[in-house]
Amino acid sequence: QQWQSRIMYHHWKKQRAADMAAHGGCTDMAAFSRLASAKDGAPDGLEAVMPTIYIKQLPDEVIRAHFHFGVLNRPHSVKTLLQTPELAARVPEEYVFIAETDHVLMQPLPNLATPDKAAAFVFGYMHAGSHVDWVVKRYWPEGSYKDVQPVGPSPCIIHKAQLSKFVDDWLDFSLGLRSNADAESVIQGWVQEMWGYSIAAAKHGVRHELVRDFQIEPSAYARGTQLAEKYYIYHYTYGLEFKLNGQPQGVNQIGEWSLDKRHYGGAYPPRSLQPPPETGHSAHNYAPRWLTNAWNEASASIPTWPDTKALGTLGWRREPATDAEISASSLASAVVGSKWKWGGVPGLVFGPGGKLTTPWGEGKWGLVPSAGSGGEAQGETIFCDFSSALHNVQFDLAGGTFTSTRVGDGEQVHGVRDTTE
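Quantities reported herein were computed from a predicted structural model and do not represent experimental measurements.

## Overview of the sheet that holds strand 6 (residues 156-159)
Here comes step 1: Strand order in this open sheet of four strands is 3-6-5-7, and the pairing throughout is mixed. Only two strands of the sheet have a single partner each, and these edge strands are strand 3 (95-98) and strand 7 (208-210). Shown here is a sheet whose adjacent strand axes are inclined to one another by a mean of 20°, direction ignored.
Here comes step 2: As defined by bridge partners, strand 5 (residues 118-120) adjoins strand 6 across two bridges and the pair is classed as antiparallel. Its bridge partner being in strand 6, Ala 120 is matched across the sheet by Cys 156.
Here comes step 3: Across the sheet, helix 6 (residues 160-179) lies against strand 3, strand 5 and strand 6, angled at about 95° from strand 6, the strand it touches most.

This is the structure:
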């Protein structure tokens, strides 16, 4: 995601400047390179605002053959970089820090590696046991699960000479793991590329210093008021979901206050995100305040941060309309039980209790909680949420039409009442 890259780069520059100021102009944070895989290696425009190296991504047929696992482009991109002289020349440093776009530096990062030993975060779900030994031996016949460390390729600091030893196997093992259904029985699909890295590193004798404080991945249930003094990276892999009273919303629930990168798959988050509740558990969880401030600081400092129709931290949780709420609303009462065509496609039905039937599966409908940003129109508005997308719909009941505005990118769809039996 471009917006994630821009937030990451802002904080990398901030921490590099702080390190240089504290050490008389010296720092281990020598330079930044965004390694981006793209179709035909085509630029996406971010090279104008941050140093970027473009790599021709793996062919579509390869990704399809491996269950559309785009993460395979990571080892492919690193291999291409290291083995293409003109590209490798653009990264002359001896060590590389491999990070992801949803990593935000919390303090200056020193070189934690040596020529003989890399440094990596310890992942709790990457501890090898005897149950995976047969998988290890498939790719490293003389090896053992006992030699595989609980690490992945990110975050990691490693000498380029060490990385070059096993980058071929990192890609080959990742491709192999992702194409074998039997490996799925013991290694979850979304971490198979990480296992490809850890097995390949072990095979070639590359060991890692296990750095438990390399990053933190807090959730709404975390506690603690100090993060930046202990950890190097905030990895916002989990959404932060709270009720407005400051209590966690619940497991796998979108919060009344919600900060989650998944909301912004098609749009930049807006500037000036609303802060988290100051009461309840949220008041004792440093994570939501720190991350909100980090995003706000970055977006405010980037003059070209685009305007967006996406919601901020409020308005993402939308409950299906109850029968009582429908009865209390003239609009909802007029809509319930009616049939419509969405962009000319029939099959949109507003059922009782907020049940929405669409040509693309079941969804929910109700009244938009309040007017605001993100495509929320002024006045009484119906939401129609389905297919992992949020839509705000304004009706012209007299004319038998509606206009839907998708939250996030503002895409509009027009509909008409379906009068067929």
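Let us keep going from here.
## Overview of the sheet that holds strand 13 (residues 345-350)
Here comes step 1: Pairing is antiparallel around the closed barrel formed by eight strands, whose spatial order is 12-13-14-15-16-17-18-19. Taken over all neighbouring pairs, the strand axes of this sheet differ in orientation by 30° on average, direction set aside.
Here comes step 2: In this sheet, strand 14 (residues 355-358) lies alongside strand 13 in antiparallel orientation, the contact comprising two bridges. Across the sheet, residue Phe 350 finds its bridge partner in strand 14, namely Leu 356.

## Digging into the pattern of salt bridges
Here comes step 1: All chains considered together, the criterion is met by 16 salt bridges.
Here comes step 2: Here Arg 74 makes a salt bridge to Glu 100, at a shortest N to O gap of 2.9 Å. A residue pair is termed long-range when its members are at least 10 positions apart, and Arg 74 in helix 3 (residues 73-83) and Glu 100 in the loop between strand 3 and strand 4 (103-105) qualify at 26 residues.
Here comes step 3: The partly exposed category is assigned to Glu 100, whose relative accessible area is 25%.
Here comes step 4: With a shortest N-O distance of 2.7 Å, Arg 262 and Asp 260 are connected by a salt bridge.
Here comes step 5: One network of salt bridges, with partners in common, ties together Arg 74, Glu 100 and Glu 193.

## Observations concerning the packing of helix 6 against helix 7 (residues 192-203)
When two helices pack together, their arrangement is captured by the angle between the axes and the distance separating the axes.
Here comes step 1: As a packed pair, helix 6 and helix 7 sit with axes 7 Å apart at the nearest point and diverge in direction by 140°. With respect to each other, helix 6 and helix 7 are oriented oblique. The way helix 6 lies across helix 7 gives a crossing that is right-handed. Here Leu 163, Phe 166, Asp 169, Trp 170, Phe 173, Ser 174, Leu 177 and Arg 178 of helix 6 lie close against helix 7, whose contacting residues are Gln 192, Glu 193, Trp 195, Gly 196, Tyr 197, Ile 199, Ala 200, Ala 201 and Lys 203.
Here comes step 2: Its residues assigned to classes, the contact of helix 6 with helix 7 comprises 10 nonpolar, three polar and four charged.

## Things to note about the nonpolar core
Here comes step 1: Grouped together as the largest cluster of nonpolar side chains are 55 residues, with contacts concentrated most on Ile 158, Leu 163, Phe 166 and Trp 195.
Here comes step 2: It is helix 7 that contributes the most residues to this core, seven residues altogether.
Here comes step 3: Other than its neighbours up to four places away in sequence, Trp 195 contacts Tyr 125, Met 126, His 127, Ala 128, Val 132, Val 148, Leu 177 and Ile 187.
Here comes step 4: Tyr 264, Ala 267, Ile 302 and Ala 310 belong to the second largest nonpolar core, which has 31 residues in total.

## Quick look at the side chain of Thr 52
Here comes step 1: Inspection of the secondary structure assignment puts Thr 52 in strand 2 (residues 52-56).
Here comes step 2: When sequence neighbours within four positions are dropped, the list of residues in contact with Thr 52 reads Arg 34, Ala 36, Leu 46, Glu 47 and Arg 90.

## Things to note about helix 7
Here comes step 1: In this model helix 7 runs 16 Å from its N-terminal to its C-terminal C-alpha over 12 residues, within 8% of the 16 Å that 1.5 Å per residue would give.
Here comes step 2: Among the 12 residues in helix 7, 11 count as buried, and that is most of the element.
Here comes step 3: When we look at burial in helix 7, the residues that qualify are Gln 192, Glu 193, Met 194, Trp 195, Gly 196, Tyr 197, Ser 198, Ile 199, Ala 200, Ala 201 and Ala 202.
Here comes step 4: If you follow the buried residues of helix 7, they end up packed against helix 3, helix 5 (133-139), strand 6, helix 6 and strand 7.
Here comes step 5: Just downstream of helix 7, Gly 205 is the residue with a positive phi angle, here 75°.

## Quick word on the environment of Gln 412
Here comes step 1: Structurally, Gln 412 can be placed in strand 19 (residues 412-417).
Here comes step 2: What makes Gln 412 partly exposed here is its relative accessible area of 48%.
Here comes step 3: Taking the C-alpha atoms as reference points, Gln 412 and Pro 110, separated by 302 residues in sequence, lie 48 Å from one another.
Here comes step 4: Leaving out residues up to four positions away in the same chain, Gln 412 has contacts with Thr 403, Ser 404 and Thr 405.
Here comes step 5: A polar contact is formed between the side chain of Gln 412 and the side chain of Thr 405, at a distance of 3.3 Å.

## Focus on the pairing of strand 3
Here comes step 1: The side-chain alternation of strand 3 yields one buried face, formed by Val 96 and Ile 98, and one unburied face, formed by Tyr 95 and Phe 97.
Here comes step 2: The pairing of strand 3 with strand 6 spans four bridges and is classified as antiparallel. Residue pairing in the sheet places Val 96 in a bridge with Ile 158 of strand 6.

## Examining the packing of helix 3 against helix 6
Here comes step 1: Relative to each other, helix 3 and helix 6 sit at 140°, their axes nearing to 9 Å. When the interaxial angle is binned, helix 3 and helix 6 end up oblique. The handedness of the crossing between helix 3 and helix 6 comes out as left-handed. Between helix 3, through Arg 74, Pro 75, His 76, Val 78, Lys 79, Leu 82 and Gln 83, and helix 6, the contact on the second element is made entirely by Lys 160, Leu 163, Ser 164, Val 167, Asp 168, Trp 170, Leu 171 and Ser 174.
Here comes step 2: Classifying every residue of the contact of helix 3 with helix 6 by side-chain character gives seven nonpolar, four polar and four charged.

Each value, and the rule that gives it
- Residues numbered from 1 in each chain as written.
- Predicted model: local features only at pLDDT ≥ 70, side-chain atom pairs only at ≥ 80, totals over all residues.
- Heavy atoms only, no water.
- Pairing = 2+ DSSP bridges.
- Helix = DSSP H or I, 4+ residues; strand = E, 2+ residues; numbered from the N terminus.
- Axes fitted to C-alpha atoms, helices over the stretch in contact; angles between N-to-C directions.
- Contact = heavy atoms within 4.5 Å.
- Salt bridge = Lys/Arg side-chain N within 4 Å of Asp/Glu carboxyl O.
- Buried < 20%, exposed > 50% of the residue type's maximum accessible area, 1.4 Å probe, protein only.
- Parallel < 35°, antiparallel > 145°, perpendicular 65-115°, else oblique.
- Left-handed = near helix turned anticlockwise from the far one by under 90°.
- Nonpolar A, V, L, I, M, F, W, Y, C, P; charged D, E, K, R; others polar.
- Core = buried A, V, L, I, M, F, W, Y, C linked by side-chain atoms within 4.5 Å.
- Expected span 1.5 Å × (residues − 1).
- Polar contact = N/O pair within 3.5 Å; in protein donor to acceptor, adjacent residues only side chain to side chain.

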